[in-house]
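Single-letter residue listing:
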Amino acid sequence: MSNTEAVHEPSEPAQQLTTTGESDERVREEWTEYDFAGDAKLAVEDLDVYYGDEQALQSISLDVPEESVTALIGPSGCGKSTFLRCLNRMNDRVKSARIDGSVQLDDEEIYTDGVNLVELRKRIGMVFQEPNPFPKSIRDNISYGPRKHGDLDTGLLARVLGRDDREQEADLVERALRRAALWDEVEDRLDDNALGLSGGQQQRLCIARALAVDPDVILMDEPASALDPIATAKIEDLIEELAEDYTVVVVTHNMQQAARISDQTAVFLTGGELVEYGDTDQIFENPESQRVEDYITGKFG
Amino acid sequence: MSSVTRNRLVAGDSTTSVLVARGVLAASALAFFASWLVLFQWVDETALVAGVHVLKLLGVALVAAGVGLTVVGVGSRLEYFESTPSSSAGLPVGFVFGLLWAVLGGLVATRLLGNALAMWLPVAAGFGIVGLLVSVLPREDVGSTLPVAAILVLLGGYVVVGGINAGWTWSPSWSSAVFPGSELVPLLVVFGALLSAWSAAKAREGFGAEGRQSGAYYLVGSVVFAMLGVLALLVAFIVKNGLETMLTRTSLTGGHLTLPFVGSVPWAEFPFLMNQTGGLFVEVPGVLPAVMGTLWLVFGAVLFAVPLGIGAAVFLTEYAERGRFTQVVEVATNGLWSTPSIVFGLFGLAFLVPRISGGNSIFVGQLVLGFMLLPLVLITSREAILAVPDEHRDASAALGVTKWETIRSVVLPAAMPGTITGVILGVGRIAGETAPLLLVFGGSPYPSSYPNVLGSFQFSTQPPFVTNDALLSPASALPYQLYSTITAGVFPKEIFTNTEFGWGTALVLLCVVLGLYAIGVGSRLYFRRKLHHE
Ligand SMILES: Nc1ncnc2c1ncn2[C@@H]1O[C@H](COP(=O)(O)OP(=O)(O)OP(=O)(O)O)[C@@H](O)[C@H]1O
Ligand SMILES: [Mg+2]
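Residues numbered from 1 in each chain as written. Chains lettered and ligands numbered in written order. Predicted model: local features only at pLDDT ≥ 70, side-chain atom pairs only at ≥ 80, totals over all residues. Heavy atoms only, no water.

1. Things to note about the side chain of Asn 141 of chain A
Residue and element names in this part refer to chain A. Using the following cut-off: Secondary structure elements are taken from DSSP: a helix is a run of H or I of four residues or more, a strand is a run of E of two residues or more, and numbering for both begins at the N terminus. Using a 1.4 Å probe on the protein chains alone, a residue whose accessible area is under 20% of its type maximum counts as buried, one over 50% counts as exposed, and one in between counts as partly exposed. We call two N or O atoms a polar contact when they sit within 3.5 Å, provided that within protein one can donate a hydrogen and the other can accept it, with sequence-adjacent residues counted only if both atoms are side-chain atoms. Two residues form a contact once any of their heavy atoms are found within 4.5 Å.
Position of Asn 141 among the secondary structure elements: in helix H5 (residues 138-148). Given a relative accessible area of 0%, Asn 141 falls into the buried group. A polar atom in the side chain of Asn 141 sits 2.9 Å from the backbone nitrogen of Phe 134. When neighbours within four sequence positions are excluded, Asn 141 is seen to be in contact with Pro 133, Phe 134, Lys 136, Ala 194, Leu 205 and Arg 209.

Following this line, the structure appears as structure tokens:
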């Protein structure tokens, strides 16, 4: 998908108007086109999500540029996590969820029949809002993904056949943990159960676990919500660093954080609409939409 | 009993009441244990202790406890002791006390009015209502002590004045039961001691919320104690009766063990455990064939039921859509688990035996016990799998891991302790199962050789490629052995009677089952360790 036909085609607002009525009049007026240089890694078009009869996302369209950090901000319950989960089709796992629209990864539609979900999720990694390490050792948590994908072979058979990848595993575990700023804390307790870590450590472990699979895109749902300022700073550094090779989409409630780390920001507001999307600097300094300005300055939640 | 020390907000004289309450607790405990001694006939009911009849002493203890409770309760009501009672002991306590009083009233009326059938009812009802009111209406300190104290003093006093003594019996006209005083008195005392200890436990903490907590702890504690007591009694009884048989001609160095290169070395000898049951040259008949039979049965049943049960549970929880079908399967498995074992046995006899071995055999026994084990394994692993949080599944899916790999590497390990619990329970049941074994498994009650399953495999190049005669022959198992021994006429060897041999077998069976439990609990601990940080 080229830049010019990015998200906000002229026809877009009109369509929104027909689907959702009065309040969108304002949206259209405030609407702005975001144009970026480079390729779109993820292209979302007209994404509607319903949980039962409740509509959680309303016709969302946005393009995520490659090798950059995209922040999603908005009040609680506005559908940020829902949107994130649509990008690697984790919402398919919610029974009541119904999803309409299109998401393209590298110009390939992911919402069609015959998409290999396993392959898709290998390429789009995810860190959940709640830390959810497996009840296994720290080492096994990290090497779980690569091992299941056949990149590591540490089983009994491999050992007997002399194809043991233990060193490679140790290497991979260390690299992932270092990137997630956890290595120093767990270096000498890699065989301890991951559930014995603190909440913040668990969250960083989950980041490390996602990195170990080496995806193209990393989705993070409030990765720093349970962390102290020092660990948060480390995670922010990590995110910025990751953006050199990866495409990062990160949900955050912390606006300073969004302003610090992201290249572009999407603002969702209650009801599941995308109100404004653009360069982070521009969104925070000079938003087009009055509602976004109110939200950012704290007048509106 | 806990000894709680804490700083009261208001300093006052609470030490006296605490001391009295402790005294009541001590008297109750003494009376309680003494009564059990009498009940078990370890102390003769006519014995004299310090020149007084034992039963009278028990009565004195009850009266003393009753007086002590009265002192604490009334003293607290008159604000002589520091306490924090609520305004009432509460309706539940009232109903219990009312019921006790009603029973007491009924007994008194029957005694005094000479079994006149119609008259005891109004008296009992009147007592009951009084008991209810006396416990509910006054403040808690009086309401939860005086009704108890009254019962204790009445009962104890009646015993002390000789109203009931060792030679006394009560045989109600409407029943053929006879209650001799030698049993009735200790029973009443046990019961009274429990009551007074509850009341004293409340009083010791000054009533109110803390008193109720103390009372509740005491109740929970005594229930646990009672349960352990019953268990210990059972085990002790079996050990007492079976130990002598089991240790017959045992010696630590009497036997020989032939080692390669070294030759014969002294070795511990356990004839009862290591000998065959029958045979010409067996001096001390043993239970080795039955032990081996039981172990093979359990092994085969587990081997059969565990993979099937877990597989079905995985299918039902992870793959099948929840709906009519899974509901039917759930109801069916629950029903299967409660099906009487003899029905399984009959099925084995009518269906499996003719098709597989043509007669009783170990293999059919394993299958039948496996069928019995299957539903429990299925039910418990289904629960365990359902209890694995969805977050783990999501986390795994988000890493691009397939569903089957997720089940294998995340869900099943997390569900393992629960599954093992089910297997332990099930093995406990099937290891002691007798009824189906009578129909499909048992052979000679005094076998002269143990089933040599491992040595009987025969391989061939033609179908079915492998056969095992030992598996297709009948054998003996411990519960089966026990049953056939005690129902048989005379024991073939002089050295034991049927009963002696039976008790020995029972003890070995108990040990085998406990051993299997230990293995199960050990493996469950191992998996728990892996799952949790400990
Ligand atoms: N599994 C679900 N089933 C039904 N409704 C859901 C489900 N998940 C989310 N919703 C609803 O969808 C809406 C958006 O939820 P979502 O979790 O995406 O919000 P969010 O922006 O991530 O909020 P927060 O910042 O609090 O995490 C909410 O109204 C929520 O109630
Ligand atoms: Mg969220």
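2. Describing the sheet that holds strand S9 (residues 264-269) of chain A
In sheet architecture, strand pairing relies on hydrogen bonds along the backbone and comes in two forms, parallel and antiparallel. All names here are of chain A. This is how the line gets drawn: The pairing criterion is simple: DSSP has to find at least two bridges between the two strands. Note on geometry: axes are lines fitted to C-alpha atoms, helical ones only across the stretch in contact, with angles between N-to-C directions running from 0 to 180 degrees.
Strand order in the open sheet made by the 6 strands is S6-S7-S8-S3-S9-S10, with mixed pairing throughout. A single partner strand is all that each edge strand has here, and the edge strands are strand S6 (124-127) and strand S10 (273-279). Looking at each pair of strands side by side, their axes are set apart by 15 degrees on average, direction ignored. Relative to strand S7 (residues 217-221), S6 is paired through 4 bridges, and the arrangement is parallel. When the bridges of S7 are listed, Ile 124 appears paired with Val 217. Sheet strands in contact with helix H3 (residues 80-87) are strand S3 (69-73), S6, S7, strand S8 (247-251) and S9, and its direction is about 155 degrees off that of S7. On the sheet, helix H9 (residues 199-212) packs against S6 and S7 and is oriented at approximately 175 degrees with respect to S6.

3. Remarks on the domain arrangement of chain B
As a reminder, the rule being used: Domain start and stop positions are those given by an automatic or database domain assignment.
Taken domain by domain, chain B consists of domain 1 (2-89 + 138-232) and domain 2 (288-450 + 461-533). Averaged C-alpha coordinates put domain 1 of chain B and domain 2 of chain B at centres separated by 47 Å.

4. A word on the coordination of the magnesium ion (ligand 2)
Residue and element names in this part refer to chain A. Formally: Donor atoms (N, O, S) are those found within 2.8 Å of the metal centre, with the cutoff raised to 3.2 Å for Na, K and Ca; water is not part of the atom list, so apparent gaps in a site can occur.
Here the magnesium ion (ligand 2) is held by the protein donor atoms Ser 81 (OG) and Gln 129 (OE1), which lie 1.9 to 2.4 Å from it. Placement of Ser 81 in helix H3 and of Gln 129 in the loop between S6 and H5 is noted, with a sequence separation of 48 residues between them. Overall, Ser 81 belongs to the buried group, its relative accessible area being 18%.

5. Some details on the site of ligand 1
All names here are of chain A. As a reminder of what qualifies: Proximity criterion: a residue is near a molecule or strand once any of its heavy atoms comes within 4 Å of it. Residue exposure ignores everything except the shown protein chains as possible cover, and the areas themselves are Shrake-Rupley values with a 1.4 Å probe. Each residue is assigned to one class: nonpolar for Ala, Val, Leu, Ile, Met, Phe, Trp, Tyr, Cys and Pro, charged for Asp, Glu, Lys and Arg, and polar for all the others, Gly among them.
With respect to spatial proximity, 15 residues lie near ligand 1, and among them Ser 76, Gly 77, Lys 80, Ser 81 and Thr 82 are the closest. Within the side chain of Ser 76, an N or O atom sits 2.5 Å from an oxygen atom of ligand 1. At 2.8 Å, a backbone N or O of Gly 77 approaches an oxygen atom of ligand 1. Considering ligand 1 on its own, with 630 Å² of exposed area, one finds that the protein chains cover 63% of that surface. In terms of residue count, H3 provides more of the shell around ligand 1 than any other element does, 4 residues in total. A per-class count over the shell around ligand 1 returns 4 nonpolar, 8 polar and 3 charged.

6. Thoughts on the packing of helix H8 (residues 208-246) of chain B against helix H18 (residues 498-531) of chain B
Two quantities define a packed helix pair, namely the angle between the axes and the distance from one axis to the other. All names here are of chain B. Worth spelling out the cut-off: Two helices crossing with the near one rotated counterclockwise from the far one by less than a right angle form a left-handed crossing, whereas a clockwise rotation gives a right-handed crossing.
Running from N to C, H8 and H18 cross one another at 115 degrees; their axes reach a closest spacing of 7 Å. As for the relative orientation of H8 and H18, their crossing is left-handed in sense. Side by side, H8 and H18 meet where Val 235, Phe 237, Ile 238, Val 239, Asn 241, Gly 242, Leu 243, Thr 245 and Met 246 of the first sit next to Glu 500, Phe 501, Trp 503, Gly 504, Ala 506, Leu 507, Val 508 and Leu 510 of the second.

7. Re the packing of aromatic side chains
Condition: Pairing of aromatic rings covers Phe, Tyr and Trp, the last through its six-membered ring, and needs centres within 6.5 Å; plane angles under 30 degrees mean stacked, over 60 mean edge-to-face, and all others mean tilted. Lysine NZ or arginine CZ positioned within 6 Å of the ring centre and within 35 degrees of the ring normal marks a charge as sitting over the ring.
In total, this model carries 20 aromatic pairs over all chains according to the counting rule given. Taking the centre distance of 5.2 Å and the plane angle of 50 degrees together, the rings of Phe 40 of chain B and Trp 42 of chain B count as tilted. Judged by relative accessible area, Phe 40 of chain B falls into the partly exposed class, the value being 36%. Judged by its relative accessible area of 65%, Trp 42 of chain B falls in the exposed class. One aromatic cluster is present, built from ring pairs that chain together Phe 32, Phe 33, Trp 36, Phe 40, Trp 42 and Phe 225 of chain B. Residue placement shows Arg 98 of chain A over the ring face of Tyr 50 of chain A; its charged tip is 4.3 Å from the ring centre. The ring of Phe 351 of chain B has Arg 355 of chain B lying over it, and the distance from NZ or CZ to the ring centre is 4.1 Å.

8. Thoughts on the interface of chain A and chain B
Using the following cut-off: For any pair of parts, buried area is found by adding up, for both, the accessible area (1.4 Å probe) each one loses once the two are put together. By salt bridge we mean one thing: a side-chain nitrogen of Lys or Arg within 4 Å of a carboxyl oxygen of Asp or Glu.
Contacts between the two partners involve 24 residues from chain A, matched on the other side by 22 residues from chain B. Between chain A and chain B, a total of about 1900 Å² is buried, with carbon and sulfur atoms accounting for 63% of that surface. Taken as a group, Pro 135, Tyr 144 and Lys 148 of chain A account for 27% of the area that chain A buries against chain B, more than any other trio of residues on that side. In this structure, the connection of chain A to chain B is made through 2 salt bridges. A salt bridge links Asp 394 of chain B to Arg 93 of chain A, with the nearest nitrogen and oxygen atoms 2.8 Å apart. Taken together, chain A and chain B are joined by 10 residue pairs in polar contact (both at pLDDT 80 or more). At the level of secondary structure, the elements contributing two or more residues to the side of chain A that touches chain B comprise helix H4 (117-123), S6, H5 and H9 of chain A. Classifying every residue of the side of chain A that touches chain B by side-chain character gives 12 nonpolar, 5 polar and 7 charged.

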